[in-house]
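Examination of the molecular architecture
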Amino acid sequence: MATQKKLTGKVPREAIRTLAIPRLPQEIIAGFARLIDLTGTVSDAMDNLGLAGAIPASVLAPTLPAKRIVGQAVTVRNVERQQSVFRSASEAINRMGETEAYNLAEPGDVVVIEGLTGVSNMGGQSATIAHRQGCAGAVIDGSYRDPDASRELGFPIWARGVTQITGKWRLETVEINGRVHIAGVSADAGDLVVADDAGVVFIPRQHAAAVLDESRKIDAGDSKRKQDIAAGADIAVLVQKKYK
């Protein structure tokens, strides 16, 4: 049995819904990573299966071009702090607890934060810790700060924007590894996250195998159509032929 990690104490133990997220087989994660058009193909597969989970880059923009990530979600839920900024700063009590998610994460996991826009839900030191722990990247429904730090690490973030305003006096972390709502999409700890230049897709863990099977069919069809286009196939043939 794996040794249980020592908690940081940044959030109450009852706010941590699970210490160890349920794990997908590595071959499923690797299968998604091999898809050519990652989020586009997965988004189409989700449509075919009647599942919703895609968020375009116009909503959550990537910080690093040409980065792709595939990993399971470790989740954080932040809410606005019900206390004046001056009083919070005077008391010097920081209620941000996203560090606990990095502490519980396994290499390859993706930090997913339901947060606030206009204040930081992840700073440069937090990004450095997450990167050190092996996290693949972060998805933040809200803002982050110190963009140079994450860029220099090659640590990709998909977020609503950048801010210089600290969150430590303005928000508090109320839940780790529970359900979060990201740009209108619900995600649970352990769900699969895929992201690239086009945006982010959340895949419910229980549907990951089915979505991968459908994605592979779409990927194969797209590859064959690209080959036919490159070979000079007549447009009428391309339009009429069923590829996927």
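First things first, this report covers the structure right here in the doc. (Residues numbered from 1 in each chain as written. Predicted model: local features only at pLDDT ≥ 70, side-chain atom pairs only at ≥ 80, totals over all residues. Heavy atoms only, no water.)

1. Things to note about the pattern of salt bridges
Inspection of the entire model under this criterion finds nine salt bridges. In this structure, Glu175 and Arg17 form a salt bridge, with 2.4 Å as the shortest nitrogen-oxygen distance. Placement of the pair is Glu175 in strand E7 (residues 171–176) and Arg17 in the segment before helix H1 (26–33), with a sequence separation of 158 residues. Linking Arg145 and Asp146 is a salt bridge whose minimum nitrogen-to-oxygen distance equals 4.0 Å. (Salt bridge = Lys/Arg side-chain N within 4 Å of Asp/Glu carboxyl O. Helix = DSSP H or I, 4+ residues; strand = E, 2+ residues; numbered from the N terminus.)

2. Here we look at unusual backbone geometry
In this structure, Asn177 takes a positive phi of about 60 degrees despite not being glycine. Inspection of the secondary structure assignment puts Asn177 in the loop between E7 and strand E8 (180–182).

3. Focus on the environment of Asp47
Assignment of secondary structure puts Asp47 in helix H2 (residues 38–48). Overall, Asp47 belongs to the exposed group, its relative accessible area being 55%. Spatially, the C-alpha atom of Asp47 lies 14 Å from that of Arg216, the residues being 169 residues apart in sequence. (Buried < 20%, exposed > 50% of the residue type's maximum accessible area, 1.4 Å probe, protein only.)

4. So, the pairing of strand E3 (residues 69–80)
Judged by how many residues are buried, E3 sits mostly within the fold: nine of twelve residues are covered. With four bridges joining them, E3 and strand E10 (residues 192–196) adopt antiparallel strand pairing. Paired with Gln72 across the bridge in E10 is Leu192. Inspection of the sheet shows E3 paired to E7 by five bridges, in the antiparallel sense. Within E7, the position partnered with Val76 by the bridge is Ile176. (Pairing = 2+ DSSP bridges.)

5. Quick notes on the environment of Ile182
Inspection of the secondary structure assignment puts Ile182 in strand E8. Separated by 122 residues in sequence, Ile182 and Leu60 have C-alpha atoms that sit 9.4 Å apart. For Ile182, the residues in contact, after removing those within four places along its chain, are Ile55, Leu60, Val112, Ile113, Glu114, Val139, Asp141 and Phe202. (Contact = heavy atoms within 4.5 Å.)

6. Comments concerning the nonpolar core
Grouped together as the largest cluster of nonpolar side chains are 24 residues, with contacts concentrated most on Val111, Met122, Ala138, Ile140, Phe155, Ile157 and Ile176. Of all elements in the fold, only E3, helix H4 (99–104), strand E4 (110–114), helix H5 (124–132), strand E5 (137–144) and strand E6 (157–162) reach the threshold of two or more residues within this core. In this structure Met122 touches Met96, Tyr102, Val111, Ile113, Ala127, Ala138, Ile140, Ser143, Tyr144, Arg145, Phe155 and Ile157, once residues within four positions along its chain are discounted. Core analysis: the next-biggest nonpolar cluster, separate from the first, contains 19 residues, Leu24, Ile28, Val211 and Leu212 among them. (Core = buried A, V, L, I, M, F, W, Y, C linked by side-chain atoms within 4.5 Å.)

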